[in-house]
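So you can see what is in the structure, the chains are spelled out below.
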2 protein chains.
Amino acid sequence: MTYEELYLQIRHKQSYLCVGLDTDIRKIPAHLQNDPDPVFAFNRQIIDATAEFAVAYKPNIAFYEAQGPRGWESLRKTLAYIPKSCFTIADAKRGDIGNTSDLYARTFFDPSAAGLDFDSITVAPYMGHDSVTPFLNYNGKWVILLALTSNPGSQDFQVQHIGNQPLFEYVMQTAQTWASHDRLMFVVGATQAEQLGRIRQIAPNHFLLVPGVGAQGGSLAEVSRYGLNEHGGLLVNASRSILYASSGTDFARRAAGEAHKLQREMAGFLS
Amino acid sequence: MTYEELYLQIRHKQSYLCVGLDTDIRKIPAHLQNDPDPVFAFNRQIIDATAEFAVAYKPNIAFYEAQGPRGWESLRKTLAYIPKSCFTIADAKRGDIGNTSDLYARTFFDPSAAGLDFDSITVAPYMGHDSVTPFLNYNGKWVILLALTSNPGSQDFQVQHIGNQPLFEYVMQTAQTWASHDRLMFVVGATQAEQLGRIRQIAPNHFLLVPGVGAQGGSLAEVSRYGLNEHGGLLVNASRSILYASSGTDFARRAAGEAHKLQREMAGFLS
């Protein structure tokens, strides 16, 4: 999906909601646990319930990996089920030396390898350019690079200064020499909303993937105020607040309600 | 495996060789390609041929992931086949917010999840303490944290200065507040051997996992001169030079020859 196509979806749906598919087998409603593939059965209903309110889906790969081979099968089926009008993100936080990043790129971008064909992948920047650029060798695919994350440990290294700027800003500036805003996004945690104004100066045109709204305590209003640009420029992720809105048979209806509530708020901020 | 047990293996085998199982299905000898599980068939023979010369095995997870579910099955069988006297490393370079790192830890350390029971995992430091400590909640398991890597991109961020020291040193010092040398190792590329003297001052007792000898051009003599300590303190990885010493039916014998050659050199440096 191109930058322009993503923006058209945002305009069309009046939403920049990304639904995080952090599907935890231990939290799936009891009535689905006897399904041959409970994770996919759950995801399918979540996708059906939320697709009109969301422009992106972000499976968190750890949740699938932790199920071994059958988890990868659930992931493959989930990805295939997501409507083609939605942007897909492999939240994998990979990154390794060039020949290994090549293989990670193949895993998530080349359907002939592991059956997966994501639009994008989250990548950790620590190992530098040759750990990132192999993902960019796939035409039309995106890298979403960790910049400033939403967790407490973000304070350990990301905000330490290199010269006169914090590491995460240095990462963002350096990465812009590897790809332009039509192939590169940044992860910026919603718990750091006060930083978003400054980040928008560094990366005025880039999409920012913003986790941390909802269960992690970030404010959608604050994020939208500082983060929106004229092409939307935001993908705000919510996971647990949507997936586990109810643990009963009404989980999908309740998920739709949560997603719709976020979409309505977003429509307000977009106008 | 404990620090002391690892040292005993090093003394016993007179080796600090780690064999990197970067098993590329495209490079496996033709006569194995019709095996129901060519990757495992190859690995099993490599392990049989090298186990007397190696103290550790390091499957590079990307190579298995890129095969989809059957790759994870090859990985599980490979890990189960490695002799218990050898230290095992999941070279996965994971790291995410706490609840997600929990799941990555479960994947690689809890056999009831994905059937895997590695001794250790490589972890990327960018997201800080809560991305790393979930791996340490598993008794007896190790974190091997990226410090200074062997690839060209290591120059982008790792050597940039925070205050008066490069980022990788700052990472090493910070991480020592999370775990001691009996649970924590560092990745230090062999192509950076001249840095090893300084690194030994910062982390005198820690094991260093050193990739980059062989195909990547690092010198075993240099690494050993600066990196060895009184408990060995090194795991030097070789992958391609051993795995692909021959592409014919003699591949295992030739792999044994390469591993034995490295072991003999190591015995010399240990004495």
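Residues numbered from 1 in each chain as written. Chains lettered and ligands numbered in written order. Predicted model: local features only at pLDDT ≥ 70, side-chain atom pairs only at ≥ 80, totals over all residues. Heavy atoms only, no water.

Asker: What's the story with the sheet that holds strand 1 (residues 17-21) of chain A in this structure? I'm lost.
Answerer: Through backbone hydrogen bonds, the strands of a sheet pair up, either in parallel or in antiparallel fashion. All names here are of chain A. Read around the barrel, 8 strands follow the order 1-2-3-4-5-8-9-10 and close on themselves; strand pairing throughout is parallel. Ignoring which end each strand starts from, the neighbouring axes of this sheet average 30° apart. Of the strand pairs in this sheet, strand 1 and strand 10 (residues 234-238) are connected by 3 bridges, and their pairing is parallel. Paired with C18 across the bridge in strand 10 is N237. (Pairing = 2+ DSSP bridges. Helix = DSSP H or I, 4+ residues; strand = E, 2+ residues; numbered from the N terminus. Axes fitted to C-alpha atoms, helices over the stretch in contact; angles between N-to-C directions.)

Asker: Where do I start with the interface of chain A and chain B in this structure?
Answerer: Interface size is often expressed as the accessible area that is lost when the parts come together. Across the contact, 57 residues belong to chain A and 57 residues belong to chain B. Note on chain A versus chain B: buried area summed over both sides is about 5000 Å², and carbon and sulfur give 59% of it. Inspection of the chain A/chain B interface yields 4 salt bridges. The residue B:D96 makes a salt bridge to A:K93 at a minimum N-O spacing of 2.8 Å. At the junction of chain A and chain B, the tally comes to 26 residue pairs in polar contact (both at pLDDT 80 or more). At 7 residues, helix 5 (residues 98-109) of chain A tops the list of elements feeding residues into the side of chain A that touches chain B. When grouped by side-chain class, the residues that make up the side of chain A that touches chain B number 26 nonpolar, 20 polar and 11 charged. (Contact = heavy atoms within 4.5 Å. Buried area = accessible area lost by both parts, 1.4 Å probe. Salt bridge = Lys/Arg side-chain N within 4 Å of Asp/Glu carboxyl O. Polar contact = N/O pair within 3.5 Å; in protein donor to acceptor, adjacent residues only side chain to side chain. Nonpolar A, V, L, I, M, F, W, Y, C, P; charged D, E, K, R; others polar.)

Asker: In this structure, what is going on with the relation of the copies chain A and chain B? I would like to understand it.
Answerer: Each of the two chain copies can be brought onto the other by rotation about an axis and movement along it. If you rotate chain A by 180° and push it 0.0 Å along the axis, it lands on chain B with an RMSD of 0.0 Å. Given the turn and translation reported, the copies of this chain are related as if by a two-fold rotation axis. Relative to the rotation axis, the closest C-alpha in chain A is found at A:P69, a distance of 2.2 Å. A shared binding surface is used by both copies, with 100% of the interface residues of chain A retained as interface residues in chain B. (Least-squares fit on C-alpha atoms with pLDDT ≥ 70 in both.)

Asker: Would you mind showing me how to read the pattern of salt bridges here?
Answerer: When the charged atoms of two side chains with opposite charge come close together, those side chains can pair. This model, assessed by the stated rule, comprises 28 salt bridges over all chains. With a closest N to O distance of 2.8 Å, A:K58 and A:D91 form a salt bridge. Residue A:K58 is located in strand 2 (residues 56-59), and its partner A:D91 is located in strand 3 (residues 87-94); the two are separated by 33 residues in the primary sequence. B:E169 is the salt-bridge partner of B:R198, the closest N and O atoms lying 2.7 Å from each other. Residue B:R198 is found in helix 9 (residues 196-202), and its partner B:E169 is found in helix 8 (residues 167-175); the two are separated by 29 residues along the sequence. Residue B:R198 is classed as partly exposed on the basis of its relative accessible area of 38%. Salt bridges linked by common partners bring A:K58, A:D91, A:K93 and B:D96 together as one network. (Buried < 20%, exposed > 50% of the residue type's maximum accessible area, 1.4 Å probe, protein only.)

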